[in-house]
Amino acid sequence: MSEDPVLAGYRQSIDNIDAAMIHILAERFRITQAVGAHKAAHQLPASDPGREERQIARLRALATDAKLDPEFSEKFLRFIIEEVIRHHEQAAEAKA
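In this report, the structure presented in the accompanying data block is examined.

What counts and what doesn't
- Residues numbered from 1 in each chain as written.
- Predicted model: local features only at pLDDT ≥ 70, side-chain atom pairs only at ≥ 80, totals over all residues.
- Heavy atoms only, no water.
- Helix = DSSP H or I, 4+ residues; strand = E, 2+ residues; numbered from the N terminus.
- Rg over C-alpha atoms; globule rule 2.2 N^0.38 Å.
- Buried < 20%, exposed > 50% of the residue type's maximum accessible area, 1.4 Å probe, protein only.
- Contact = heavy atoms within 4.5 Å.
- Lys, Arg positive; Asp, Glu negative; His and termini not counted.
- Charge placed at Lys NZ, Arg CZ, Asp CG, Glu CD.
- Core = buried A, V, L, I, M, F, W, Y, C linked by side-chain atoms within 4.5 Å.
- Axes fitted to C-alpha atoms, helices over the stretch in contact; angles between N-to-C directions.
- Left-handed = near helix turned anticlockwise from the far one by under 90°.
- Nonpolar A, V, L, I, M, F, W, Y, C, P; charged D, E, K, R; others polar.

## Focus: the overall build of the protein chain
Point 1. Summing up its helical and strand segments, the protein chain has 3 helices and 0 strands in all.
Point 2. Along the chain direction, N to C, the helices and strands of the protein chain fall in the order α-α-α.
Point 3. What you see for the protein chain is a C-alpha radius of gyration of 18 Å, clearly larger than the 12 Å of a compact globule of 96 residues, by over 25%.
Point 4. A principal-axis box enclosing the C-alpha atoms of the protein chain has dimensions of 60 × 30 × 15 Å.
Point 5. Out of the 96 residues in the protein chain, the part that is buried amounts to 20%.
Point 6. Counting only contacts in the protein chain whose residues sit at least 6 apart along the sequence, the fraction spanning at least 24 positions is 60%.
Point 7. Averaging the locations of the 13 positively and 16 negatively charged side chains of the protein chain gives two centres separated by 6 Å.

Structure, rendered in structure tokens:
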């Protein structure tokens, strides 16, 4: 049985979006690694809870405007923030 062409088109679009998300995340982590190196070099704390909360509030509002579940967007962002902080802590340990 041949694949449904409508479904194939949707899947191709999903694949393209997934690829773009991976590239965007990779670029984001390249930048946050530079931030971590800067923080380590200047003995700044790995995390900035005030900024993190402002970012979460800002992205929850963006998610709401985009009709994306703000709870999901917050969970996703918190996961990314935790990973970034872990990288910053590793940079600080390597510098010590």
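Following the structure, the description resumes.
## A closer look at the nonpolar core
Point 1. Within the largest apolar cluster, 5 residues are counted, these being A46, I56, L77, I81 and I85.
Point 2. Residue contributions to this core peak at 3 residues, all from helix 3 (residues 70-95).
Point 3. Residues within four places of I56 in sequence aside, it is in contact with E74, L77, R78 and I81.

## Remarks on the environment of A57
Point 1. For A57, the position within the fold is in helix 2 (residues 49-65).
Point 2. Judged by relative accessible area, which is 48%, A57 ranks as partly exposed.
Point 3. Taking the C-alpha atoms as reference points, A57 and H87, separated by 30 residues in sequence, lie 23 Å from one another.

## Brief notes about the packing of helix 2 against helix 3
Point 1. Between helix 2 and helix 3, the least distance of the axes is 9 Å, while the angle of their chain directions is 145 degrees. Note on packing geometry: the crossing formed by helix 2 with helix 3 is right-handed. Contacts between helix 2 and helix 3 involve E52, E53, Q55, I56, L59, R60, A63 and T64 from the first element and P70, E71, S73, E74, L77, R78, I81 and I85 from the second.
Point 2. Split into classes, the residues belonging to the contact of helix 2 with helix 3 amount to 7 nonpolar, 3 polar and 6 charged.

## Things to note about unusual backbone geometry
Point 1. Its identity is not glycine, yet Q43 carries a phi of approximately 50 degrees, on the positive side.
Point 2. Mapped onto the secondary structure, Q43 falls in the loop between helix 1 (5-41) and helix 2.
Point 3. Overall, Q43 belongs to the exposed group, its relative accessible area being 74%.
Point 4. Of note, the phi angle at K67 is positive, near 65 degrees, even though the residue is not glycine.

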